[in-house]
Amino acid sequence: MEKRASANKAANKAAPVRKTAAVKKATVAPRKAAAPVKKASAAKTVAAKAPGHESRTALVRRARRINRELAEVFPYAHPELDFENPFQLIVATVLSAQTTDLRVNQTTPALFAKYPTPEDLAAANPEEVEEILRPTGFFRAKTKSVIGLSKALVDNFGGEVPGRLEDLVTLPGVGRKTAFVVLGNAFGRPGITADTHFMRLVRRWQWTAETEPEKIEAAVSALFPKSDWTDLSHHVIWHGRRICHARKPACGACPIAPLCPAYGEGETDPEKAKKLLKYEKGGFPGQRLNPPQAYLDAGGKAAPLLGAGE
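Residues numbered from 1 in each chain as written. Predicted model: local features only at pLDDT ≥ 70, side-chain atom pairs only at ≥ 80, totals over all residues. Heavy atoms only, no water.

A. Representation of the confidence of the model for the protein chain within the structure. Summary statistics for the protein chain give a mean pLDDT of 86 and a share of 82% for residues scoring 70 or more. With pLDDT under 50 throughout, residues 1-50 is counted as low confidence; its partners more than four residues away or in other chains account for two contacts. (pLDDT = per-residue confidence, 0-100. Contact = heavy atoms within 4.5 Å.)

B. Main features of the pattern of salt bridges. Evaluated as defined, the whole model comprises 14 salt bridges. For Glu69, the salt bridge goes to Arg65, with nearest N and O atoms at 3.9 Å. Of the two residues, Glu69 and Arg65 both sit in helix 2 (residues 56-73), four residues apart, roughly one turn of that helix. Residue Glu271 pairs with Lys274 through a salt bridge whose shortest N-O separation is 3.8 Å. Highlighted residues: Glu271 and Lys274, both in helix 13 (residues 270-274), separated by three residues, approximately one helical turn. Accessibility expressed as a relative area gives 48% for Lys274, which makes it partly exposed. Overlapping salt bridges, with partners in common, bring together Glu80, Asp101, Arg241, Arg242 and Glu280 in one network. (Salt bridge = Lys/Arg side-chain N within 4 Å of Asp/Glu carboxyl O. Helix = DSSP H or I, 4+ residues; strand = E, 2+ residues; numbered from the N terminus. Buried < 20%, exposed > 50% of the residue type's maximum accessible area, 1.4 Å probe, protein only.)

C. Helix 3 (residues 86-95), seen in detail. Here helix 3 lies mainly inside the structure; nine of its ten residues are buried. Inspection of helix 3 places Phe87, Gln88, Leu89, Ile90, Val91, Ala92, Thr93, Val94 and Leu95 among the buried residues, and these make up the whole buried set. Buried residues along helix 3 sit in contact with helix 4 (101-114), helix 5 (118-122), helix 6 (126-133), helix 7 (139-157), helix 8 (165-168) and helix 9 (176-186). Where helix 3 begins, the side chain of Asn85 points an oxygen toward the backbone nitrogen of Phe87, at a separation of 3.1 Å. (Polar contact = N/O pair within 3.5 Å; in protein donor to acceptor, adjacent residues only side chain to side chain.)

Right under this line is the structure:
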């Protein structure tokens, strides 16, 4: 009897051991299974670089749809600086810093009438150029830049504006933004023009969270085929100047409101929003004295001469 009791006690002690072992296995298994979940979570964090946790595919589709919509709204979009050749365009673009394209367009006719070629401007009297450029602001620095770039064109490029980015950025006063304006609009070579309007809007639309011009340029260019870059720049800049203003966007009159994550930051009432529209959208003149015919055909009005009112 004592032997049987001892055996039973041994059996009873053994049973919990087996259950405990089973529990340990069950405890270990979830830990192993949890590893892939952690990896998947980390992968999503790395891949979801688009703001607002929007997938890359969704971001590309939304960005391209916005561009298509804007192309319908502004089919006549064009560079808003008056120019007849690459030299005039590069000079006008340098002069557009810290002022409006309208003011530049009102000023350059006198400049190009007196100094029509790089050779002429390179040999100009700085004081005479300063007097012409005074209305554009920062006229001393701008005079130094345009005379300097003219001399560089004469000395290094035979008096011709080069058609390569790496050459353009060597000119005084010319950075990547100015270079891409010239490449896209004077040479037909695609480029992103990351000016203040462009950078403001692509961030407002959450196409990128970058803040530096070159990083914004790289992020946005990756969303579109290269052939779209120049027209995309025009569409975005025009929308920023006419509808999606910095301080008070006309949200209630915006054609891409359903696609905009920032809808509501501005005036949403349609009637009040219409009063915020500028240039041809608001029934006012544009920025060019000599705009393309397509713009005039669409109802746009040419800008007034300097001194004739804004």
